[in-house]
Amino acid sequence: MWKFLIPMAAFVGLVVLFALGLNPNRDIRALPSPLIGKPAPAIALTDVMDPSRPVTNAAFQGQVYIVNVWGTWCEMCREEHDELLTIAQQKVVPIIGLVYMDKRDNAKQWLEQLGNPYAAVAFDNDGRTAIDWGVYGAPETFLVDGHGRIIYKFVSPITPEVWAHEFLPRIEAARRAGA
Amino acid sequence: MKAHGGRLRSALLLLTAVIGIAMLCAAVLTDARAAPAGLGLQSAIDANGQLVDPDLQARFEHIAGQLRCLVCQNESIADSNVELASDLRRQVREMLVAGKSDDAILDYMTDRYGEFVRFSPPLEAKTLLIWGAPFIVLLVGVGIIVGIVRRRSRMPIDDEPTPDHQ
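Worth saying up front: this structure is predicted, and the values here are computed from it rather than measured. (Residues numbered from 1 in each chain as written. Chains lettered and ligands numbered in written order. Predicted model: local features only at pLDDT ≥ 70, side-chain atom pairs only at ≥ 80, totals over all residues. Heavy atoms only, no water.)

A. Representation of the packing of helix H2 (residues 54-66) of chain B against helix H3 (residues 83-97) of chain B within the structure. Residue and element names in this part refer to chain B. At a minimum axis distance of 10 Å, the contact between H2 and H3 shows a crossing angle of 140 degrees. In terms of orientation, H2 lies oblique with respect to H3. Where H2 crosses over H3, the handedness of that crossing is right-handed. Touching Leu-56, Arg-59, Phe-60 and Ile-63 of H2 are Arg-89, Val-92, Arg-93, Leu-96 and Val-97, all from H3. Here the contact of H2 with H3 is composed, by residue class, of 6 nonpolar, no polar and 3 charged. (Axes fitted to C-alpha atoms, helices over the stretch in contact; angles between N-to-C directions. Helix = DSSP H or I, 4+ residues; strand = E, 2+ residues; numbered from the N terminus. Parallel < 35°, antiparallel > 145°, perpendicular 65-115°, else oblique. Left-handed = near helix turned anticlockwise from the far one by under 90°. Contact = heavy atoms within 4.5 Å. Nonpolar A, V, L, I, M, F, W, Y, C, P; charged D, E, K, R; others polar.)

B. Main features of the pairing of strand S6 (residues 140-144) of chain A. All names here are of chain A. Judged by how many residues are buried, S6 sits mostly within the fold: 5 of 5 residues are covered. The two faces of S6 match: Glu-140, Phe-142 and Val-144 on one face and Thr-141 and Leu-143 on the other face are all buried. As defined by bridge partners, S6 adjoins strand S7 (residues 150-155) across 5 bridges and the pair is classed as antiparallel. When the sheet's bridge partners are listed, Glu-140 is paired in S7 with Val-155. Counted along the chain from S6 to the antiparallel partner S7, the turn is 5 residues long, and its residue Gly-148 has a positive phi close to 80 degrees. (Buried < 20%, exposed > 50% of the residue type's maximum accessible area, 1.4 Å probe, protein only. Pairing = 2+ DSSP bridges.)

C. Examining the interface of chain B and chain A more closely. Contact residues are listed per partner, giving 17 residues for chain B and 16 residues for chain A. Counting the surface lost from both chain B and chain A, the interface buries some 1,400 Å², and carbon and sulfur atoms represent 50% of this. Between the two partners, chain B and chain A, sit 2 salt bridges. For Asp132(A), the salt bridge identified is with Arg112(B), shortest N-O distance 3.0 Å. Linking chain B to chain A there are 5 residue pairs in polar contact (both at pLDDT 80 or more). If you list the elements that add at least two residues to the side of chain B that touches chain A, you get H3 and helix H4 (102-113) of chain B. It is H3(B) that provides the largest number of residues to the side of chain B that touches chain A, a total of 7 residues. Its residues assigned to classes, the side of chain B that touches chain A shows 7 nonpolar, 4 polar and 6 charged. (Buried area = accessible area lost by both parts, 1.4 Å probe. Salt bridge = Lys/Arg side-chain N within 4 Å of Asp/Glu carboxyl O. Polar contact = N/O pair within 3.5 Å; in protein donor to acceptor, adjacent residues only side chain to side chain.)

D. Representation of a negative patch on the surface within the structure. Together, Asp103(B), Asp107(B), Asp111(B), Glu115(B) and Glu124(B) make up a region of like negative charge exposed at the surface. Among the structural elements, Asp103(B) can be located in helix H4. (Patch = residues over 30% accessible without salt bridge, like charges linked within 9 Å, V, L, I, M, F, W, Y side chains within 5 Å. Areas by Shrake-Rupley, 256 points an atom, 1.4 Å probe, with all protein chains shown as cover. Lys, Arg positive; Asp, Glu negative; His and termini not counted. Charge placed at Lys NZ, Arg CZ, Asp CG, Glu CD.)

E. Focus on unusual backbone geometry. Residue and element names in this part refer to chain A. A cis amide bond links Ala-138 with the next residue in sequence, Pro-139, at an omega value of -5 degrees. Even without being a glycine, Lys-91 presents a positive backbone phi close to 50 degrees. Mapped onto the elements, Lys-91 comes out in the loop between helix H2 (75-90) and strand S4 (95-100). Classification of Lys-91 as exposed rests on a relative accessible area of 72%. Even without a glycine there, the phi angle at Ser-156 is positive, about 115 degrees. Counting through the fold element by element, Ser-156 comes out in the loop between S7 and helix H5 (160-176).

F. Quick peek at the pairing of S4(A). Residue and element names in this part refer to chain A. By the criterion of burial, S4 is predominantly enclosed, with 6 of the 6 residues buried. Sheet topology note: the strand S3 (residues 65-70)/S4 ladder contains 5 bridges and is parallel. Within S4, the residue paired with Asn-68 across the bridge is Gly-97. Viewed along the sheet, the connection from S3 through H2 into S4 turns out right-handed. Across 5 bridges, the pairing between S4 and strand S5 (residues 120-124) is parallel. Note that in S5 the partner of Tyr-100 across the bridge is Asp-124. (Right-handed = clockwise from strand over helix to strand, strands pointing away.)

Take a look at the structure:
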């Protein structure tokens, strides 16, 4: 009996392990952020269009907002940009842009040519703000609730499906929760 | 008695081998904890990026070798050339110069990037299985070997008569 059961159990265990580990739908690069549920780190930078104008997330304190990390070097950000423009038109939440590992002029040109979906665009010249947010690539998008806590992080370009199924319900819930 | 002695000797030999493997496992584990990315550590650090204080530089290399570059996940930030890795190296250097402890720097990174940023997970309740797994497997192996040896020798329990019985 054991001679049969033990190898069988080992086999079933391996199948489960492989099914979990080799699932093609699982994005192995998407890592859970330890910042979920924590206060959003401060953004205190300058506007990408105008270096004399400060951009802070403190100015958005009290409302639900989105922080979108992007760069002109990032091809997937180009893909995402059209969706961000659509989202911005819906005027659901303000989107703060965080320009990451890029040159000011490149980012400026990008926004002038493609349109600007952002309520404000912060220019992270030395990547320090990005480190505080645990950013390891672009695009990355954070959702911050009215209490200033990060409630969701999405790595990869936002698609209409992702916006409808991941972001909108969380925004609704955050607003229902009193903020 | 003589035949049994032969079997006992082979059993002893097996046990010695098992203990040897266990010690090897332990050695590899402790080594992995001390320096998971010891190879090629210097290669990714540019010559003028060295810290002047050799002690700090040594600590820098140790810490940078323990932190995973999240862009190229199998490289440490010491080995990687991507921009994020160089930003993180700058951060580590700055914190060292500011007098932060190694643990404070590792905590700083873990707070932002999660446990995954560390190549060797800290030994705590939820990582007990990771650190314990080799020893669990070893115990199972020993159990199987002992079982096989026992069955093969088919020794009665009171094989060696005690003085009482004589």
